[in-house]
Amino acid sequence: MDSEINPTMEDLNVLLKKKWTFCILTDLHLGSKHFQDFNRNLPNISTKVLHQTLTELEQFGLIEKHLIDNKPKSTEYSLTDKGKLSKNLIKEYYGYIASISSDSDEEGEILKRILEL
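On a predicted model such as this, the values are computed, not experimentally measured, just so you know. (Residues numbered from 1 in each chain as written. Predicted model: local features only at pLDDT ≥ 70, side-chain atom pairs only at ≥ 80, totals over all residues. Heavy atoms only, no water.)

(A) Region of the structure containing the nonpolar core. Grouped together as the largest cluster of nonpolar side chains are 20 residues, with contacts concentrated most on Ile-24, Leu-28, Phe-38, Leu-54, Leu-57 and Ile-63. The leading source of residues in this core is helix α2 (residues 21-29), at four residues. If near-sequence neighbours (up to four positions away) are discounted, Ile-24 is found in contact with Phe-38, Leu-42, Ile-45, Leu-50, Thr-53, Leu-54 and Leu-57. (Core = buried A, V, L, I, M, F, W, Y, C linked by side-chain atoms within 4.5 Å. Buried < 20%, exposed > 50% of the residue type's maximum accessible area, 1.4 Å probe, protein only. Helix = DSSP H or I, 4+ residues; strand = E, 2+ residues; numbered from the N terminus. Contact = heavy atoms within 4.5 Å.)

So this is what it looks like as structure tokens:
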């Protein structure tokens, strides 16, 4: 990617503290996604914020965007090697959440999938 930046620890800390960053990274650990998949999986995120967050993650080299030349054309996002390094952080975070929360069956299934990464 041409506009990839070399982030500092402070830059990464700011990015990871943003509301939707962690959710998007988690979603991508479960598999590559199209833009509309994020809208379906994260219904409370606005299109503008989703686009901004995906752009930042791409600029930091954590995700990559692939243009698929279908009809209609679509875009698929996936983790880079650098982005895959967040796996242990995500597993620890959701492991902690699972240990102190009382979840519905559906939420429990999602947590189970995440912890199996």
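(B) Structural view of the sheet that holds strand β1 (residues 33-34). Here we have three strands laid out as an open sheet, ordered β1-β3-β2, and antiparallel in their pairing. This sheet does not close on itself; its edge strands, each paired only once, are β1 and β2 (63-68). Direction of pairing for β2 relative to strand β3 (residues 74-79): antiparallel, over a ladder of six bridges. The partner of Leu-67 across the bridge, within β3, is Thr-75. (Pairing = 2+ DSSP bridges.)

(C) Expanded view of α2. Within α2, eight of the nine residues are buried, which leaves the element mostly enclosed by the surrounding structure. Listed in full, the buried residues belonging to α2 are Thr-21, Phe-22, Ile-24, Leu-25, Thr-26, Asp-27, Leu-28 and His-29. Downstream of α2 by one or two residues, Gly-31 has phi in the positive range, about 140°.

So far we have only geometry, and geometry alone does not tell us how the molecule works.
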